[in-house]
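Structural overview
Single-letter residue listing:
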Amino acid sequence: MKVIDIKNITKTYTDSEVEVHAVNGVNLSFEQGEFAAIVGPSGSGKTTLLNMLGGLDTPTSGEIHIGGTNMASLKGSQLIDFRLYNIGFVFQAYNLIPVLTAKENAEFILQMQGIPKKERETRVVELLTAVGLGDRLDSRPSKLSGGQQQRVAVARALASKPKFILADEPTANLDSNSTENLLDIMEELNREEKITFIFSTHDARVVKKAHRVITLEDGKIISDEVKAIH
Amino acid sequence: MNYSKVAWRNIWRNKSRTVITVLAIVVAVFLSSIMTSMQEGTYSRMIDNVVKFYTGYLQVHHPDYWEKKTINNTFIPTDTLLQVISQTSGVTRYAERLESFTLLSVGDQTRGGALIGIDPVRENEITNLSHWIDTGAYLKPHDDGLLLTSNVAKSLGAQLGDTLVLISQGYHGASAAGLFPVKGIIRFASPQLNNLGAYIDITRAREFFSAYDRATSVVILLENQDLTNEVHSQIAQTLGSRFSVKSWNEIQPEIQQMIDADRSGGVVMKVILYLIIAFGIFGTVIMMVSERKRELGVMVAVGMRKGRLATILLLETLYLGLIGVAVGFAFSMPLIAYFVKHPIPLPSEVAKSYETFGIEAALYFSGNSIIFIRQISIVFIITLIISLYPVLKALNLKLTKSLRA
């Protein structure tokens, strides 16, 4: 089942009257349960593509359909609500809310969805335990290591049961152990819960784990390789 | 975890900055409350002094008296009229007066002046006239004598025991003439009042002016000045158009003008204080928003509506303002309450000059709740205006730009 369908999208910026095509005529689709990495050198358009997939940015031309919904048809709060219910985000710099504990950070999304307190708590504790932070529920981000913060970010992204998770260079600020640990958790969630993960990354370890690797250069897809899953 | 809790925690992310901002508000609220309380307390006392010196809080006249102050524009203060006055709630005392212009003469010296007929007992209860006797004695009821103000006595060369010849026009054209021995000399603190003329017993004044049972005014004293407008309209309504009722600020508009002028001077000071509050909060709010650009972007990215984000930011600004106001009042209220009961005495040299003008020599404070409600409202409005900044920032947040910040 297609989760994402991208039809010939471009993103053009004008810089000092010079047009820069950050994404240039990309056609792409993702199925439910994919574990895909978008790779490419800096400036190749990875983050721009991911931002458009997440509804954080709009394409200059072309269409993005998520679960059958044309993203261009959503405006203002509709788009924000769409993200809330359908897309999970994991950012390079974790981007947790510093004044909230690990549990509250993950719960934050569910509260905005209007989920009752008891249900919220059960799900959040379950998720944080799944990412190995069952004993750090009440710790604020400043008391957690980078790896732990990123695991909270994964739990937050998963909390709303999104259609897919977009992770923009999620391992860029992590050491080897934390990276290994985080990738194992995400791979396990993908395998067992059939959650779709799409990464943008430079990290060879992520590429190695990915089941599909899409390579971008100058805003265009130059390869789209599906690996055999063992 | 609700939005108010998030906002509360956010303002304490940078404790020292929040403490400094709150302190700026505390100092401004403290100073403006103390200053306003002292100003209003002093005005109130000044009005009391002026009112008790001569005018009373209210005066009842013939409807034409204020336009043309002649003996013909007098009225008969009937028992019914005096009952209406004395039974109106808030009235503590009243006294009748009959006054007109007269020529005062002794030997070959003559000059003009006011001749004021007073009820010696009631007048003394209101204006404490006996306090100003310089030489001689105060009038007794139905006294035949006369009290002369000091400058008039000096220009006439009149002394105690001298007999003054008084000539004037009586009621409805009757001629008025009489002989009155000088019983006392009055020396007020104000030179202007010392030029006034003479006081005699009101019964003698009525005989002199052939204005039997009549009065030019009934002077009224109230429990406090705040009742002036209320009692004014109550008495005016009951008495109707046959009488005119004037309040102290209509009789002596220059006092009100002086207070208004002084008050506007205080307003400048308070505007400066409020600007300190405004800039203190605004500076903090700008920092709070700009250093969290990315965080705000993330919140919207993961699904927080901009309106909810604006609510959190609005609450943060309001908390800063409210904490400042609360702490400011916690400090200023007990101090003001103390000074309301214990006015600050003035240094002896200043005190002397105050006392010669019949004004009590101390700085008075007002505990009127309106002062504090006004302060709270002003700071609250300032905070609300400033909170527009983060609210607009949240509503106009550019997502990709914020996430790159």
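Details of the interface of chain A and chain B
As a measure of interface size, the accessible area lost when the parts come together is often cited. On the side of chain B, 22 residues touch chain A, which itself brings 24 residues to the contact. Of the roughly 2,200 Å² buried between chain A and chain B, counting both surfaces, carbon and sulfur atoms make up 63%. By the criterion of area lost to chain B, the three top residues of chain A are Ile 80, Val 99 and Met 112 of chain A, representing 24% of everything that side buries. A salt bridge links Asp 81 of chain A to Arg 305 of chain B; the shortest N-O distance between them is 2.3 Å. At the boundary of chain A and chain B, one finds six residue pairs in polar contact (both at pLDDT 80 or more).

A look at the packing of aromatic side chains
Residues and elements named next belong to chain B. Counted by the stated rule, this structure contains 14 aromatic pairs over all chains. When the ring of Trp 8 is compared with that of Trp 12, the centres are 5.8 Å apart and the planes differ by 65°; the resulting orientation is edge-to-face. Centroid distance Tyr 338 to Phe 339: 5.5 Å. Interplanar angle 70°. Geometry classified as edge-to-face. We classify Tyr 338 as partly exposed; its relative accessible area is 46%.

Looking at the sheet that holds strand S5 (residues 69-70) of chain A
Spatial ordering of the open sheet is given by S2-S1-S4-S5 (chain A), a layout of four strands whose pairing is antiparallel. Each end of this open sheet is capped by a strand with a single partner; those strands are strand S2 (18-31) and S5 of chain A.

A closer look at the pattern of salt bridges
Taken as a whole and assessed by the stated rule, the structure comprises 26 salt bridges over all chains. Close ionic contact of Asp 5 of chain A with Lys 2 of chain A constitutes a salt bridge, the shortest N to O distance being 4.0 Å. For Lys 2 of chain A, a relative accessible area of 46% translates into the label partly exposed. Note that Arg 187 of chain B and Asp 134 of chain B form a salt bridge whose closest N and O atoms lie 3.2 Å from each other. Taken together, the residues span a long stretch of sequence, with Arg 187 of chain B in the loop between strand S7 (175-186) and helix H6 (191-194) and Asp 134 of chain B in strand S4 (residues 133-136) at a distance of 53 residues. Assessed through its relative accessible area of 46%, Arg 187 of chain B is described here as partly exposed. Residue Asp 134 of chain B is classed as partly exposed on the basis of its relative accessible area, which comes to 42%. Connected through shared salt-bridge partners, Glu 180, Asp 184, Glu 187 and Lys 209 of chain A make up one network.

Describing the domain arrangement of chain B
Here the domain parsing of chain B yields domain 1 (3-50 + 256-403) and domain 2 (63-242). Measuring from the centre of the C-alpha atoms in domain 1 of chain B to the corresponding centre in domain 2 of chain B gives 50 Å.

Quick look at the pairing of strand S8 (residues 196-201) of chain A
Residue and element names in this part refer to chain A. Of all six residues in S8, six are buried; the element is thus mostly enclosed. Of the two faces of S8, both are covered, the one formed by Thr 196, Ile 198 and Ser 200 as well as the one formed by Phe 197, Phe 199 and Thr 201. Summarising the sheet, strand S7 (residues 164-168) and S8 pair through five bridges and their orientation is parallel. Each bridged residue has a counterpart across the sheet, and for Asp 168 the counterpart in S8 is Ser 200. As a crossover connection, the stretch from S7 through helix H6 (residues 176-193) into S8 is right-handed.

Notes on H6 of chain A
All names here are of chain A. Under the 1.5 Å per step criterion, the end-to-end length of H6 is 25 Å for 18 residues, consistent within 8% with the ideal 26 Å. Taken residue by residue, H6 has Ser 178, Thr 179, Leu 182, Leu 183, Ile 185, Met 186, Glu 187, Leu 189 and Asn 190 as its buried positions. The backbone nitrogen of Asn 177 lies 3.3 Å from a side-chain oxygen of the residue at the head of H6, namely Asp 175. Backbone geometry just after H6 places Lys 194 at a positive phi near 60°.

Section: a positive patch on the surface
Residues Lys 293, Lys 393, Lys 398, Lys 401 and Arg 404 of chain B make up a contiguous surface patch of positive charge. Tracing the sequence through the fold places Arg 404 of chain B in helix H15 (residues 399-404).

Details of the nonpolar core
In this structure, Ile 4 and Leu 49 of chain A together with Ile 277 of chain B are the most contacted members of the largest nonpolar core, which totals 83 residues. The leading source of residues in this core is helix H12 (residues 306-341) of chain B, at eleven residues. Setting aside anything within four residues of it in sequence, one finds Ile 277 of chain B in contact with Ile 25, Ala 28, Val 29, Val 379 and Ile 382 of chain B. Judged by nonpolar contacts, the second largest core, of 37 residues, contains Leu 110, Val 131, Leu 144 and Val 152 of chain A.

Let's talk about the packing of helix H2 (residues 15-55) of chain B against H12 of chain B
Residues and elements named next belong to chain B. Contact geometry of H2 with H12 gives a least axis separation of 7 Å together with a crossing angle of 40°. Considering their axes alone, H2 and H12 lie oblique with respect to each other. Between H2 and H12 lies a crossing whose hand is right-handed. Residues Thr 18, Thr 21, Val 22, Ile 25, Val 26, Val 29, Phe 30, Ser 33, Ile 34 and Ser 37 of H2 touch H12, and the partners they reach there are Leu 320, Gly 321, Ile 323, Gly 324, Val 325, Val 327, Gly 328, Phe 329, Phe 331, Ser 332, Leu 335 and Ile 336. Looking at the contact of H2 with H12 residue by residue, the classes come out as 14 nonpolar, eight polar and no charged.

Describing the side chain of Glu 295 of chain B
Tracing the backbone shows Glu 295 of chain B in helix H11 (residues 293-301). Setting aside chain neighbours within four positions, we find Glu 295 of chain B in contact with Ile 97 and Pro 98 of chain A together with Asn 10 and Arg 13 of chain B.

Considerations on the confidence of the model for chain A
Looking at chain A as a whole, the pLDDT averages 89, with 99% of positions reaching at least 70. Here H6 of chain A stands out as the least confident element of chain A, with mean pLDDT 85; strand S9 (residues 212-217) of chain A is the most confident, with 94.

Quick look at the sheet that holds S8 of chain A
Residue and element names in this part refer to chain A. Ordered in space as S6-S7-S8-S3-S9-S10, the six strands form an open sheet in which the pairing is mixed. Looking at which strands have only one partner, the edges of the open sheet turn out to be strand S6 (87-90) and strand S10 (220-226). Ignoring strand direction, the axes of neighbouring strands in this sheet form an average angle of 15°. Two elements, S6 and S7, share four bridges in a ladder whose sense is parallel.

Looking at a nonpolar patch on the surface
Residue and element names in this part refer to chain B. On the surface, Phe 101, Leu 103, Val 165, Ile 167 and Leu 179 cluster together to form a nonpolar patch covering roughly 470 Å² of accessible area. Those elements that provide at least two residues to the nonpolar patch are strand S2 (91-106) and strand S6 (163-169). As for its position among the elements, Leu 103 is in strand S2. Overall, the relative accessible area of 38% leaves Leu 103 in the partly exposed class.

Examining the packing of H2 of chain B against helix H10 (residues 253-290) of chain B
At a minimum axis distance of 9 Å, the contact between H2 of chain B and H10 of chain B shows a crossing angle of 170°. Taken together, the axis directions place H2 of chain B and H10 of chain B in an arrangement best described as roughly antiparallel.

So, how was this worked out
Residues numbered from 1 in each chain as written. Chains lettered and ligands numbered in written order. Predicted model: local features only at pLDDT ≥ 70, side-chain atom pairs only at ≥ 80, totals over all residues. Heavy atoms only, no water. Contact = heavy atoms within 4.5 Å. Buried area = accessible area lost by both parts, 1.4 Å probe. Salt bridge = Lys/Arg side-chain N within 4 Å of Asp/Glu carboxyl O. Polar contact = N/O pair within 3.5 Å; in protein donor to acceptor, adjacent residues only side chain to side chain. Phe/Tyr/Trp six-rings, centres within 6.5 Å; stacked < 30°, edge-to-face > 60°. Buried < 20%, exposed > 50% of the residue type's maximum accessible area, 1.4 Å probe, protein only. Pairing = 2+ DSSP bridges. Helix = DSSP H or I, 4+ residues; strand = E, 2+ residues; numbered from the N terminus. Domains from an automatic or database assignment. Right-handed = clockwise from strand over helix to strand, strands pointing away. Expected span 1.5 Å × (residues − 1). Patch = residues over 30% accessible without salt bridge, like charges linked within 9 Å, V, L, I, M, F, W, Y side chains within 5 Å. Areas by Shrake-Rupley, 256 points an atom, 1.4 Å probe, with all protein chains shown as cover. Lys, Arg positive; Asp, Glu negative; His and termini not counted. Charge placed at Lys NZ, Arg CZ, Asp CG, Glu CD. Core = buried A, V, L, I, M, F, W, Y, C linked by side-chain atoms within 4.5 Å. Axes fitted to C-alpha atoms, helices over the stretch in contact; angles between N-to-C directions. Parallel < 35°, antiparallel > 145°, perpendicular 65-115°, else oblique. Left-handed = near helix turned anticlockwise from the far one by under 90°. Nonpolar A, V, L, I, M, F, W, Y, C, P; charged D, E, K, R; others polar. pLDDT = per-residue confidence, 0-100.

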